[in-house]
Amino acid sequence: MSRASEDVWFSEKMFEPSFCFYTGYKIPLCKTLDQYFEYIQSLPSLDNPEVFGLHPNADITYQSNTASAVLDTITNIQPKESGGGGGETREAIVYRLSEDMLSKLPPDYIPHEVKARLIKMGHLNSMNIFLRQEIDRMQKVIMTLRSSLSDLKLAIEGTIIMSENLRDALDNMYDARIPQLWKRISWDSSTLGFWFTELLERNAQFSTWIFEGRPNVFWMTGFFNPQGFLTAMRQEVTRAHKGWALDTVTIHNEVLRQTKEEITSPPGEGVYIYGLYMDGAAWDRRNGKLTESTPKVLFTQLPVLHIFAINSTAPKDPKLYVCPIYKKPRRTDLTFITVVYLRTVLSPDHWILRGVALLCDIK
């Protein structure tokens, strides 16, 4: 149970006669067990999301997730054999898709070229060390994909044996899903199309950074290890200030009014980040604070976020909402990145009950 739930719903106010969790949801004062049962039966069979402090949009999210789960189940139980009809076979469709993906796949990173660029940029700089690690991982994905797609084409032609990994790739590609071998070394996504588009976008950021120089604004969604990116930024700022120690340097932030396109130069210190989506609330750009979501609008894009480091471990202003950032809509400790501090007129408890978070990816 969150601290906000305790503050709002489990406090001394519970014992006041006027207390209610939500309109029509009071704590019953009954004398017998039957009277309690009767009160429970009188409650609605379907609860409004607002009963739990959530925005009405939460019901749309719930319905969408339920429908998606049903469709996934239907896809999973479909027969995997080639159809006997007159249409294009599964193998032919996947063969054509493999050719298309191979034609769009970025070229391999040549080690000596990458090394030369890193030396020129400063290969001992913490941000450049992070870039080298990310490029190594991206190269592994590109290499695996090229090999896997080429072998899959040969297996469909009958030139080589269809291995278990190739069979899995065939089945998943036909269903527009990510083959297990690829997912293990990369990232998750809702469909193969989204995943491949993200691969091209991630690679574009790395390629631009290594061959054209450090970008003014970073797309944090495109990193394998976003926590490592923020740690590298902290190290960079710490080294720039004599007497600062990494143990006492903490991350702080400021939400700008500008969008990515309006940023023309990098910050004096720290990093600019774009591409974060707000879930459970919206952002008032004019006044720079949290505001309620627009009905039926599930996500709103946050303007550019300036993340920087300060030499202080003192507690942040309790009036700020401590907002978690997650890689994906599925919020677990595996997808958690860090927290940022957002201005709000309402109590931070209100946004905790709303379940407000920032997401790197909404697919």
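One structure accompanies this document, and this report is about it. Small disclaimer: the values here were computed from a predicted structure and weren't measured.

Here we take up the overall build of the chain. Across its full length, the chain holds eleven helices and 13 strands. Projecting the C-alpha coordinates of the chain onto the three principal axes gives extents of approximately 80 × 70 × 35 Å. Side chains of the chain carry 40 positive and 42 negative charges; the gap between the two charge centres is 6 Å.

So, about the pairing of strand β12 (residues 336-342). Buried residues dominate β12, accounting for five of its seven residues. Where strand β11 (residues 321-326) meets β12, six bridges bridge the pair, whose relative direction is antiparallel. Following the sheet pairing, tyrosine 321 is matched in β12 by leucine 342.

Further remarks concern the nonpolar core. One finds Trp195, Met220 and Phe229 to be the most contacted residues of the largest nonpolar core, which totals 65 residues. Once residues within four sequence positions are removed from consideration, tryptophan 195 is found in contact with Val141, Leu145, Ile178, Trp182, Ser186, Trp187 and Ser189. The next biggest cluster of nonpolar side chains, apart from the first, holds five residues, and it includes Val217, Leu256, Ile263 and Tyr272.

A packed helix pair is summarised by two numbers, namely the angle formed by the two axes and the spacing between the axes. Where helix α4 (residues 90-104) contacts helix α6 (residues 126-157), the two axes come as close as 10 Å, and the packing angle between them is 150°. As the angle between them shows, α4 and α6 are arranged roughly antiparallel. Pair α4 / α6 crosses with left-handed handedness. Along the contact surface, α4 presents Glu91, Val94, Tyr95, Ser98, Glu99, Met101 and Leu102, while α6 presents Arg146, Leu149, Ser150, Leu152, Lys153, Ile156 and Glu157. When its residues are assigned to classes, the contact of α4 with α6 shows seven nonpolar, two polar and five charged.

The next subject is the pairing of β11. The buried fraction of β11 amounts to five of the six residues, a majority that puts the element mostly inside the structure. In this sheet, strand β13 (residues 357-359) lies alongside β11 in parallel orientation, the contact comprising two bridges. By the bridge assignment, isoleucine 325 is partnered in β13 with leucine 358.

Cut-off values and rules
Residues numbered from 1 in each chain as written. Predicted model: local features only at pLDDT ≥ 70, side-chain atom pairs only at ≥ 80, totals over all residues. Heavy atoms only, no water. Helix = DSSP H or I, 4+ residues; strand = E, 2+ residues; numbered from the N terminus. Lys, Arg positive; Asp, Glu negative; His and termini not counted. Charge placed at Lys NZ, Arg CZ, Asp CG, Glu CD. Buried < 20%, exposed > 50% of the residue type's maximum accessible area, 1.4 Å probe, protein only. Pairing = 2+ DSSP bridges. Core = buried A, V, L, I, M, F, W, Y, C linked by side-chain atoms within 4.5 Å. Contact = heavy atoms within 4.5 Å. Axes fitted to C-alpha atoms, helices over the stretch in contact; angles between N-to-C directions. Parallel < 35°, antiparallel > 145°, perpendicular 65-115°, else oblique. Left-handed = near helix turned anticlockwise from the far one by under 90°. Nonpolar A, V, L, I, M, F, W, Y, C, P; charged D, E, K, R; others polar.

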